[in-house]
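Breakdown of the fold
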Amino acid sequence: MKALTAARAIAARVGSRLVSSPTSADPPLMLLLSKDGAMRLDLFLRSYMQQMSRPLPITVLYLASCEAHRQAYEEVFADYRALALTAVAESAFKPDLLAVLRASNARNVLFFADDTVFVHPVDARLLEQWDPGDGILSLRLGRNITHGADGTVVQPQPELFEDTALRDQPLARWRWSGGELDWAQPTSLNGHLLPLPHLVPVIEEASFESPASLDAGIRQYTFLFKGRWGYCWEQARIVSLAQGPAASEPGGAALLQAFQRGLRLDISELPLAPHNSCRMAWSPVFNKPDAQEPDGASESGVA
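Residues numbered from 1 in each chain as written. Predicted model: local features only at pLDDT ≥ 70, side-chain atom pairs only at ≥ 80, totals over all residues. Heavy atoms only, no water.

**Points about the overall build of the protein**
In terms of regular secondary structure, the protein is built from eight helices and 14 strands. Sorting the 303 residues of the protein into buried and exposed places 51% on the buried side. Carbon together with sulfur atoms contributes 51% to the accessible area of the protein, which is approximately 13,700 Å² in total. (Helix = DSSP H or I, 4+ residues; strand = E, 2+ residues; numbered from the N terminus. Buried < 20%, exposed > 50% of the residue type's maximum accessible area, 1.4 Å probe, protein only. Areas by Shrake-Rupley, 256 points an atom, 1.4 Å probe, with all protein chains shown as cover.)

**Focus on the packing of aromatic side chains**
Applying the stated criterion across every chain, the model contains 14 aromatic pairs. Arranged with centres 4.8 Å apart and planes meeting at 80 degrees, the rings of Trp174 and Trp183 form a pair that is edge-to-face. Both residues of the pair, Trp174 and Trp183, count as buried. Ring pairing ties together the aromatic residues Phe44, Tyr48, Phe112 and Phe118, which thus form one cluster. Sitting over the face of the ring of Trp229, Arg175 holds its NZ or CZ atom 4.0 Å from the ring centroid. (Phe/Tyr/Trp six-rings, centres within 6.5 Å; stacked < 30°, edge-to-face > 60°. Lys NZ or Arg CZ within 6 Å of the ring centre and 35° of its normal.)

**Brief notes about the pairing of strand E8 (residues 169-175)**
As judged from the five bridges shared by strand E7 (residues 162-166) and E8, these two strands associate in the antiparallel manner. By the bridge assignment, Glu162 is partnered in E8 with Arg173. From the end of E7 to the start of E8, which pair antiparallel, there are two residues, and Arg167 there has a positive phi angle of about 50 degrees. (Pairing = 2+ DSSP bridges.)

**Some words on the sheet that holds E7**
One open sheet holds the nine strands; their spatial order is E3-E2-E1-E4-E9-E6-E10-E8-E7, and the pairing between them is mixed. Each edge of the open sheet is held by one strand with a lone partner, namely strand E3 (85-89) and E7. Neighbour-to-neighbour, the strand axes of the sheet open up by a mean angle of 30 degrees, direction not taken into account. With five bridges connecting them, strand E1 (residues 29-35) and strand E4 (residues 108-113) associate as parallel partners. Counterpart to Leu29 in the pairing with E4 is Val109. The strands that helix H3 (residues 67-79) touches are E1, strand E2 (58-63) and E3; relative to E2, the one it contacts most, it runs at about 170 degrees. (Axes fitted to C-alpha atoms, helices over the stretch in contact; angles between N-to-C directions. Contact = heavy atoms within 4.5 Å.)

Printed below as a string of structure tokens:
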């Protein structure tokens, strides 16, 4: 009953903003959430700069659990000085997140997790010109997405799935209310272009303490967005990377050590890797970016 009452209150607040949404021409708020993930952040930023027609300003809300992780983040931020990047060190996640969202005049916000990479080109103009009234654009969905996150469960695509075009971009569209699984989750906080003024009151009301619980915290309010159109490209523009099941796969500490040794994750083959779910299993490959070629050969593990 409490959740229902809160949802009705949020619905009223969102409804009141439908006619007062900002008409700012500001680009969308690009917001990446990261914890102890400098190596993954570097991977994301490299793919972002490679695949975006014009990299838009991006904000990184990050948490470093120790001095070594903090220094690694600082090194990444220094490496990407050419990018309009704002780094915000997290002290209390929900207040910090809301402070970033409330400070923006953008019409839309696009969240990313730090295990995400861009695998296909994105025209920045489409993101800049996107009208929240058109619907919710997904970078993580595409006609190639036919299975769930583990790659084994078949995920049916919406029955009413039609070709269309917006801003001279060929896209496909469907109703979120007519989808299943990922195709029915308009509020996914990894790769969906969401209307910022409508999302803020939801996040204000939702219960969560960290990025890991944020998605679940706002899921009960998904109904507020399900009546909208969903849009995607033929092929998903981004994919989340899941390490393989091998026991030798490097964990967070090993990734930090590899980063400190000057190694970086190699993404040269990722745009060529077919995937049929929003998460793709892979075995990390490392190289030294300053070298003409990796030492001997690319390293597939961390000693």
